[in-house]
Amino acid sequence: MKIDMHAHHFPRITREEAAALSVERAPWLQVAPDGKTGDIMRADKAFRPVYDALWDPQARLAEMDAQGVDIQITCATPIMFGYEFAPEKVLPWAQRMNDLALEFCAAAPKRLVALAQVPLQDIDAACREASRAKATGHHGVQIGNHLGDRDLDDDGLVTFLQHCANEGIPLLVHPWDMMGGNRMKQWMLPWLVAMPAETQLGILSLILSGAFERIPESLKICFAHGGGSFAFMLGRVDNAWKHRDIIRKDCPRLPSEYVKRFYVDSAVFDPGALRLLADVMGTDRIMLGSDYPFPLGEQSIGKLVAEQPGFSDADKQAIYAGNAVEFFGLQALVR
């Protein structure tokens with residue numbers, strides 16, 4: 001069995017629907033006359049070219065069949081988060097997007113599984129919506145790795161993580177709104193440099209701040225894109241912890257001891273990178289994730305895992321499906 005736990009969708013949101021959130025900044029979908037291609041838009045400006053698998057469940061199911069993917073866990077394209085807008089507007093937006101996600105998955109409820117989004121700028125509302133989403137059929141929540149200048153160790157965001165731990169709501173953390181500004185204006189550098197750094201920042205903000213000490217170990221949290229730069233840079237972080245007291249002041253244990261507090265996906269695209277990731281995290285903490293259906297995702301879903309030297313059949317099956325079944329509670333779908 002193959003479960004792709006990192007995929008995205010974008011509903012056919014009209015410009016009029018988006019305007020209820022923001023005329024200038026809220027995203028909407030412009031579909032070309034052929035019905036097969038389109039653009040995610042902000043006002044009159046194209047944000048990203050896309051194709052029908054992003055919004056059409058039948059097109060997606062056909063591609064899943066071609067790829068040999070049995071179940072796909074799908075979540076909002078991060079531009080849908082709406083973290084920059086007023087809380088009173090974002091809550092109904094998030095609720096609408098979550099209802100549309102369930103409609104998308106209703107085309108094949110045994111094969112398409114939804115993760116919700118929440119209005120993180122209002123922690124009480126985010127907690128309520130996470131619980132509502134779980135009750136209506138979502139199998140978890142996707143959040144961004146930060147909220148403006150507030151990283152995951154922010155008191156309010158820790159409160160949200162505690163809520164998800166206590167309520168048994170799995171989390172996927174996705175990088176977004178990348179650092180760098182005008183220094184990364186070409187060659188997709190925000191996606192190639194800042195995105196891995198954002199993910200590492202999210203992980204380290206939980207470790208070095210001591211936030212993991214305040215969050216129940218029951219929290220199921222996964223970081224996209226193989227945890228970004230984390231695995232490669234962990235030795236540097238451990239070395240800093242050993243030799244600088246300012247690193248240790250809020251973090252009572254060696255940073256590498258916290259790798260059992262979170263999961264990562266397998267979207268690293270290189271056999272050496274996957275081998276390092278498995279050495280750092282263990283194959284029991286990696287789940288198959290493709291970042292489908294975007295060009296920077298794994299185009300042949302699961303091939304990297306399938307061809308990884310040194311992985312046993314048990315390792316591959318854990319990454320392909322077993323870890324995701326346990327993490328997201330998918331037992332009823334795989335019986």
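Residues numbered from 1 in each chain as written. Predicted model: local features only at pLDDT ≥ 70, side-chain atom pairs only at ≥ 80, totals over all residues. Heavy atoms only, no water.

K.L.:
Would you explain the packing of aromatic side chains in this entry?
P.N.:
The geometry of an aromatic ring pair is captured by two quantities: the separation of the ring centres and the angle between the planes. For the structure on display, the rule yields 9 aromatic pairs. Centre to centre, the rings of F81 and Y83 are 4.8 Å apart; their planes meet at 15°, and the pair counts as stacked. Comparing F81 with Y83 shows no difference in burial state: the two are buried. Their ring planes at 5° and their centres at 6.4 Å tell us that F212 and F262 sit as a pair that is stacked. One end of the pair, F212, is in helix 7 (residues 211–214); the other, F262, is in the loop between helix 9 (245–248) and strand 12 (263–265), with 50 residues separating them in the sequence. Among the aromatic residues, ring-to-ring pairing joins F212, F223, F230, Y258 and F262 into one connected group. Positioned above the aromatic ring of F47, the side-chain terminus of R42 is 5.9 Å from the ring centre. Here the basic side chain of R48 rests over the ring of F294, its NZ or CZ set 4.5 Å away from the ring centre. (Phe/Tyr/Trp six-rings, centres within 6.5 Å; stacked < 30°, edge-to-face > 60°. Buried < 20%, exposed > 50% of the residue type's maximum accessible area, 1.4 Å probe, protein only. Helix = DSSP H or I, 4+ residues; strand = E, 2+ residues; numbered from the N terminus. Lys NZ or Arg CZ within 6 Å of the ring centre and 35° of its normal.)

K.L.:
Help me understand the packing of helix 3 (residues 87–105) against helix 4 (residues 123–136), please; the structure alone is not making it clear to me.
P.N.:
Packed helix pairs are characterised by how far apart their axes lie and by the angle those axes make with each other. Relative to each other, helix 3 and helix 4 sit at 20°, their axes nearing to 11 Å. Accordingly, the angle class assigned to the pair helix 3 and helix 4 is roughly parallel. The two elements helix 3 and helix 4 cross, and the hand of that crossing is right-handed. For the pair helix 3 and helix 4, the contacting residues are L91, A94, Q95, N98, D99 and L102 in the first and A125, R128, E129, R132 and T136 in the second. Looking at side-chain class alone, the contact of helix 3 with helix 4 contains 4 nonpolar, 3 polar and 4 charged residues. (Axes fitted to C-alpha atoms, helices over the stretch in contact; angles between N-to-C directions. Parallel < 35°, antiparallel > 145°, perpendicular 65-115°, else oblique. Left-handed = near helix turned anticlockwise from the far one by under 90°. Contact = heavy atoms within 4.5 Å. Nonpolar A, V, L, I, M, F, W, Y, C, P; charged D, E, K, R; others polar.)

K.L.:
For this particular structure, what's the right way to read the pairing of strand 4 (residues 45–51)?
P.N.:
For a regular strand, side-chain orientation follows a simple rule: the groups alternate between the two sheet faces. Across 6 bridges, strand 3 (residues 37–42) lies against strand 4 in antiparallel orientation. Within the sheet, the bridge partner assigned to T37 lies in strand 4 and is Y51. Where strand 3 hands over to strand 4, the hairpin turn is made up of 2 residues, of which A43 adopts a positive phi near 55°. (Pairing = 2+ DSSP bridges.)

K.L.:
Hey, could you run me through the side chain of S205 in this one?
P.N.:
Among the secondary structure elements, S205 is positioned in helix 6 (residues 189–208). By relative accessible area, S205 is classed as buried at 8%. A polar contact is formed between the side chain of S205 and the backbone oxygen of G202, at a distance of 2.7 Å. (Polar contact = N/O pair within 3.5 Å; in protein donor to acceptor, adjacent residues only side chain to side chain.)

K.L.:
I would appreciate a short explanation of the environment of V173 in the present structure.
P.N.:
When you line up the elements, V173 lands in strand 10 (residues 171–174). Taking the C-alpha atoms as reference, V173 lies 23 Å from M64; in sequence the two are 109 residues apart. Once residues lying within four places of it in the same chain are set aside, the contact partners of V173 are I143, G144, N145, L152, I221, C222, F223 and A224.

K.L.:
Looking at this structure, how should I read the packing of helix 4 against helix 5 (residues 155–167)?
P.N.:
The contact between helix 4 and helix 5 brings their axes to 9 Å, and the two run at 25°. Relative to helix 5, helix 4 is oriented roughly parallel. Note on packing geometry: the crossing formed by helix 4 with helix 5 is right-handed. Between helix 4 and helix 5, the contacting residues are I123, A126, C127, A130, S131 and K134 on the first element and G156, L157, T159, F160, H163 and E167 on the second. Residue classes in the contact of helix 4 with helix 5 are distributed as 6 nonpolar, 4 polar and 2 charged.

Note that all results are geometric; they support no functional claim without further evidence.
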